[in-house]
Protein chains: 4
Amino acid sequence: MANKAAPDSSRRSERSRRAIFDAALALVGEVGYDKLTIEGIASRAGVGKQTIYRWWPSKAAVLLDAFTVDVEDYEQGLPDTGDLAADLKFVLRATADEFNDPAFQAPYRALAVAGANDEELSRTFVGRLLEPGIRVYVERLRAAQEAGEVDAGIDVRVAAEMVLSPFSQRWLMRTGELTYDFVDTLVDQVLRGLRPRD
Amino acid sequence: MANKAAPDSSRRSERSRRAIFDAALALVGEVGYDKLTIEGIASRAGVGKQTIYRWWPSKAAVLLDAFTVDVEDYEQGLPDTGDLAADLKFVLRATADEFNDPAFQAPYRALAVAGANDEELSRTFVGRLLEPGIRVYVERLRAAQEAGEVDAGIDVRVAAEMVLSPFSQRWLMRTGELTYDFVDTLVDQVLRGLRPRD
Amino acid sequence: MANKAAPDSSRRSERSRRAIFDAALALVGEVGYDKLTIEGIASRAGVGKQTIYRWWPSKAAVLLDAFTVDVEDYEQGLPDTGDLAADLKFVLRATADEFNDPAFQAPYRALAVAGANDEELSRTFVGRLLEPGIRVYVERLRAAQEAGEVDAGIDVRVAAEMVLSPFSQRWLMRTGELTYDFVDTLVDQVLRGLRPRD
Amino acid sequence: MANKAAPDSSRRSERSRRAIFDAALALVGEVGYDKLTIEGIASRAGVGKQTIYRWWPSKAAVLLDAFTVDVEDYEQGLPDTGDLAADLKFVLRATADEFNDPAFQAPYRALAVAGANDEELSRTFVGRLLEPGIRVYVERLRAAQEAGEVDAGIDVRVAAEMVLSPFSQRWLMRTGELTYDFVDTLVDQVLRGLRPRD
DNA sequence: GTTTAATCGAGACGGTACGTCAAGTCTTGGC
DNA sequence: GCCAAGACTTGACGTACCGTCTCGATTAAAC
């Protein structure tokens with residue numbers, strides 16, 4: 001079933017791996033995803049093309065690895081000051097700043113997009129980046145639910161999406177700006193619906 | 001500002017235009033967006049490559065035109081039976097069926113995605129397809145607001161996004177299934193927050 | 001049976017064709033046949049690789065065409081002064097000079113060699129370059145035979161090879177020098193055997 | 001002058017050496033010289049690439065060694081029954097049979113050819129395979145000369161080439177068949193010229 | 001018999017060229 | 001003047017080998 005005699009990863013060159021990540025991230029920022037090429041990455045990294053093809057199936061996969069190396073930081077979860085609205089606004093405002101940073105936009109948007117046409121890649125992208133991001137919101141909401149701040153009948157997963165999806169949709173599709181005002185309104189309107197009934 | 005001695009559209013061949021749309025839509029369904037080529041469209045349509053380049057700047061633009069020709073049907077707005085929850089659920093369930101249809105997925109997803117990397121195209125896509133879709137929801141919500149069914153303090157645009165974005169995000173990013181259950185829960189939780197305060 | 005939709009040769013670019021020939025001949029002289037590459041020819045000729053692949057199947061075929069364009073000059077046959085020995089020596093000495101010219105050696109040797117491993121090419125090479133060269137000798141010998149200068153029982157084709165093959169073999173395999181002495185001895189010893197018997 | 005810290009041949013693996021020869025000869029027969037690769041030989045021989053590069057400079061050199069291991073058999077010289085014509089015809093007919101054997105053709109032709117573009121290799125090839133072959137003919141002719149069967153004024157080296165070159169040239173360049181008829185005619189016509197003058 | 005250093009199988013590496021595909025431009029002949 | 005057709009230059013694709021390089025694991029010579 002293994003379709004090509006898998007390479008021996010214990011002999012892999014760490015130096016090349018880093019150089020490829022650095023080159024890929026730099027280039028996607030400079031020329032954009034469509035004009036990002038394997039040859040370009042290889043040449044910028046001072047690496048043979050084969051070294052890329054040996055370890056990754058596509059430029060999207062390279063970029064995904066390169067990106068996740070720098071991004072794994074969902075470990076600590078969302079802050080919990082006891083004030084759910086404040087906590088959500090605080091984190092979303094910070095995320096808005098991050099999403100408005102051009103250096104971050106190019107690779108992330110590229111991956112979102114590449115995923116849409118490549119189901120395999122999509123699953124990795126979602127599992128590695130999107131789901132963990134959603135999960136921390138779900139957990140914060142569940143905590144609030146347990147604290148009685150959120151109605152027991154609420155589906156917290158859907159609630160989390162009600163906050164996150166309008167946010168990322170605006171950014172991805174460029175249907176609107178990610179302002180603090182928007183973030184605040186969004187959080188307020190979502191939370192209105194989560195409060196326990198009288 | 002005219003960048004090439006614009007072609008004389010009065011002499012344009014309608015037969016070629018249709019053939020190109022048909023070929024583009026057929027091909028994007030068969031081979032996917034990434035493997036869709038101008039040469040492929042031209043050859044399938046029995047048309048010279050130049051005829052495509054004369055009238056469109058990119059394969060995405062061709063596809064966008066091809067797609068919108070068949071889709072302009074937001075004219076009538078959302079139903080208004082007086083029961084907001086029922087109306088939203090009804091339309092979203094129908095939309096879920098549509099989005100789950102493979103024939104519809106390929107070109108739509110391709111466009112969503114192509115837009116992410118091409119700001120110019122993105123604006124057309126959003127203006128021509130996305131915004132009209134959002135607007136009918138905004139209008140239905142405003143009607144409900146005027147009828148006193150929705151609190152006067154609510155930002156109906158954000159409310160519309162709270163319904164639509166989780167829905168389209170799930171589909172686009174494959175973060176979840178578009179089931180009737182999901183649609184119902186989503187609508188219910190959003191509407192909880194919109195009700196006028198006591 | 002035609003295996004690729006043959007290109008339309010009436011629309012062929014003569015300018016590209018010449019540039020390819022010039023580049024191929026120049027490069028084979030500079031770097032040798034083994035290091036001659038299609039990419040090198042294309043780039044030196046200012047031509048796309050595809051334009052070469054469209055019209056020729058291999059670098060050997062390009063070189064063969066390039067070479068024969070410049071070489072078709074067997075038209076006039078060998079001189080016939082009535083003195084067979086003198087005529088043969090005269091022509092072979094001139095040919096020795098030619099074969100000792102480095103500019104001529106590279107492509108000719110390359111073709112001889114490429115032919116050895118490619119039967120198809122070999123046939124063209126032999127038919128286009130080698131056979132015509134042999135034929136003029138055969139004709140000169142037949143004339144001498146009719147003039148009674150060569151025995152009627154002699155196989156002139158084999159006789160021609162007795163003159164030409166030692167000559168070209170020495171050159172091709174580097175088994176000896178092509179000196180005037182060698183040429184003279186060779187002609188004399190061959191002709192000894194051709195004289196009519198008493 | 002030793003250009004790399006020469007390897008210690010006393011520790012050389014004989015088993016690997018044989019395996020490499022076998023693989024090289026087998027492969028050149030199967031895929032031809034052009035498609036013969038060092039990697040292919042190494043993998044077929046179950047040997048590391050370095051083991052080949054350590055002991056040979058090129059695939060041609062490997063093949064030359066592989067070939068000469070099996071071929072050293074010029075020791076005994078040509079037969080001398082006293083009948084020069086008969087002796088030459090006998091040996092050349094046998095050689096014709098050998099050259100017409102496909103198993104022999106591939107490596108030999110490959111080497112002849114590789115030599116044309118690689119002067120260093122050429123010299124080894126000529127010295128190790130070609131010259132010894134010519135020499136036995138030269139010696140047989142000299143014996144005949146001393147026996148008074150060949151004119152004293154004849155250059156026996158050139159005479160040997162008059163027999164051998166048309167033969168090998170026909171084979172190498174595919175300008176004609178190696179039939180018994182050809183061999184006989186060739187020998188007869190050459191010998192006509194060698195007879196002592198009246 | 002043990003030590004020890006070179007050779008060995010294996011294969012990752014930086015490269016070059018392959019032969020193919022498609023992009024976007026340009027030219028030709030037909031309507 | 002638009003059109004179908006397709007040759008052109010360009011540039012990237014993914015593959016095949018090159019020749020160099022490291023990595024344990026033999027393995028045969030020197031101790």
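Being a predicted model, the structure only gives us computed values, none of them experimental.

A. Looking closely at the overall build of chain A. Along the backbone of chain A there are 9 helices and 0 strands. Each helix (α) and strand (β) of chain A, taken in turn from the N terminus, gives the series α-α-α-α-α-α-α-α-α. Counting only C-alpha atoms, chain A reaches 65 × 35 × 30 Å along its principal axes. Within chain A, the fraction of its 198 residues that count as buried is 50%. When contacts within chain A are restricted to residue pairs at least 6 apart in sequence, long-range pairs at least 24 apart make up 67% of them. Accessible area for chain A stands at about 9900 Å²; split by element, carbon and sulfur atoms hold 49% of it. On chain A, the mean spot of the 25 positive side-chain charges and the mean spot of the 32 negative ones are 7 Å from each other.

B. Geometry of the relation of the copies chain D and chain C. When chain D is brought onto chain C, the operation consists of a screw motion whose angular component is 179° and whose axial shift is 0.1 Å, with 0.2 Å RMSD remaining. Expressed as a symmetry operation, the mapping of one chain copy onto the other fits a two-fold axis. Using C-alpha coordinates, one finds that chain D approaches the rotation axis most closely at D:G193, a distance of 1.6 Å. Of all interface residues in chain D, 100% are interface residues in chain C too; the two copies therefore contact each other through one and the same surface.

C. Expanded view of the protein's contact with DNA strand E. Inspection of the region around DNA strand E gives 39 residues, with B:K49, C:R11, C:K49, C:Y53 and D:D8 positioned closest. Backbone atoms, meaning sugar plus phosphate, form 65% of the atoms of DNA strand E positioned within 4 Å of the protein. At 2.8 Å, a side-chain N or O of A:W55 approaches a phosphate oxygen of DNA strand E. Within the side chain of C:K49, one N or O atom sits 2.7 Å away from a base oxygen of DNA strand E. Of all the secondary structure elements, the ones that give two or more residues to the surface near DNA strand E are α3 (49–55) of chain A, α2 (38–45) and α3 (49–55) of chain B, α2 (38–45) and α3 (49–55) of chain C together with α3 (49–55) of chain D.

D. Structural detail: unusual backbone geometry. Positive phi outside glycine occurs at A:R174, with the angle close to 55°. Relative to the helices and strands, A:R174 resides in the loop between α8 (156–173) and α9 (180–194).

E. The arrangement of the relation of the copies chain A and chain B in detail. Overlay of chain A on chain B (RMSD 0.2 Å): rotation 180°, translation along the axis 0.1 Å. The overlap is high: 100% of the interface residues of chain A also sit at the interface in chain B, so the same surface is used on both sides.

F. Structural detail: the interface of chain D and chain C. On the side of chain C, 46 residues touch chain D, which itself brings 45 residues to the contact. Between chain D and chain C, roughly 3700 Å² of surface is buried when both sides are summed, and carbon and sulfur atoms account for 52% of that area. Looking only at chain D, the three residues that lose the most surface to chain C are D:R174, D:Q189 and D:R192, adding up to 19% of its buried area. Inspection of the region where chain D meets chain C yields 6 salt bridges.

G. Layout of the UniProt feature "DNA-binding region" (unreviewed entry) in chain A. Listed under "DNA-binding region" (unreviewed entry) in the UniProt record, and renumbered for this structure, are residues 37–56 of chain A. With 75% helix and 0% strand, the stretch residues 37–56 of chain A has end C-alpha atoms that lie 13 Å from each other.

H. Geometry of the interface of chain A and chain B. Contact with chain A, which involves 44 residues of that partner, is made by 45 residues of chain B. Both sides of the chain A and chain B interface together cover about 3800 Å² of buried area, and 52% of this is carbon and sulfur. Ranking the residues of chain A by area buried against chain B places A:R174, A:Q189 and A:R192 at the top, with a combined share of 20%. Seen at the junction of chain A and chain B, the total is 6 salt bridges.

I. Focus on the protein's contact with DNA strand F. Residues in contact with DNA strand F amount to 41 residues; listed here are only the nearest, A:Y53, B:R11, C:T51, D:K49 and D:Q50. Here DNA strand F approaches the protein such that, of its atoms within 4 Å, sugar and phosphate make up 64%. One of the backbone nitrogen or oxygen atoms of B:G48 is found 3.1 Å away from a phosphate oxygen of DNA strand F. At 2.6 Å, a side-chain N or O of C:T51 approaches a phosphate oxygen of DNA strand F. Elements that contribute at least two residues to the surface near DNA strand F include exactly α2 (38–45) and α3 of chain A, α3 of chain B, α3 of chain C together with α2 (38–45) and α3 of chain D. Residues belonging to the surface near DNA strand F are distributed by class as follows: 10 nonpolar, 15 polar and 16 charged.

J. Geometry of the domain arrangement of chain A. Residues and elements named next belong to chain A. When its domains are assigned, chain A resolves into domain 1 (13–66) and domain 2 (72–194). Taking only C-alpha atoms into account, the centre of domain 1 sits 29 Å from that of domain 2. Across the boundary between the two partners, domain 1 contributes 9 residues, which contact 10 residues of domain 2. Summed over both partners, the interface of domain 1 with domain 2 comes to about 740 Å²; 82% of that surface belongs to carbon and sulfur atoms. Where domain 1 meets domain 2, there are 1 salt bridge. A salt bridge links R128 to D65; the nearest nitrogen and oxygen atoms lie 3.1 Å apart. Between the two partners, domain 1 and domain 2, sit 1 residue pair in polar contact (both at pLDDT 80 or more). Where the side of domain 1 that touches domain 2 is concerned, the elements lending two or more residues are α1 (14–31) and α4 (59–71). Broken down by element, the side of domain 1 that touches domain 2 gets its largest block of residues, 5 residues, from α4.

Reading the values: the criteria
- Residues numbered from 1 in each chain as written.
- Chains lettered and ligands numbered in written order.
- Predicted model: local features only at pLDDT ≥ 70, side-chain atom pairs only at ≥ 80, totals over all residues.
- Heavy atoms only, no water.
- Helix = DSSP H or I, 4+ residues; strand = E, 2+ residues; numbered from the N terminus.
- Buried < 20%, exposed > 50% of the residue type's maximum accessible area, 1.4 Å probe, protein only.
- Contact = heavy atoms within 4.5 Å.
- Areas by Shrake-Rupley, 256 points an atom, 1.4 Å probe, with all protein chains shown as cover.
- Lys, Arg positive; Asp, Glu negative; His and termini not counted.
- Charge placed at Lys NZ, Arg CZ, Asp CG, Glu CD.
- Least-squares fit on C-alpha atoms with pLDDT ≥ 70 in both.
- Near = heavy atom within 4 Å.
- Polar contact = N/O pair within 3.5 Å; in protein donor to acceptor, adjacent residues only side chain to side chain.
- Buried area = accessible area lost by both parts, 1.4 Å probe.
- Salt bridge = Lys/Arg side-chain N within 4 Å of Asp/Glu carboxyl O.
- UniProt positions renumbered as here; feature names shortened; annotations may be inferred.
- Nonpolar A, V, L, I, M, F, W, Y, C, P; charged D, E, K, R; others polar.
- Domains from an automatic or database assignment.

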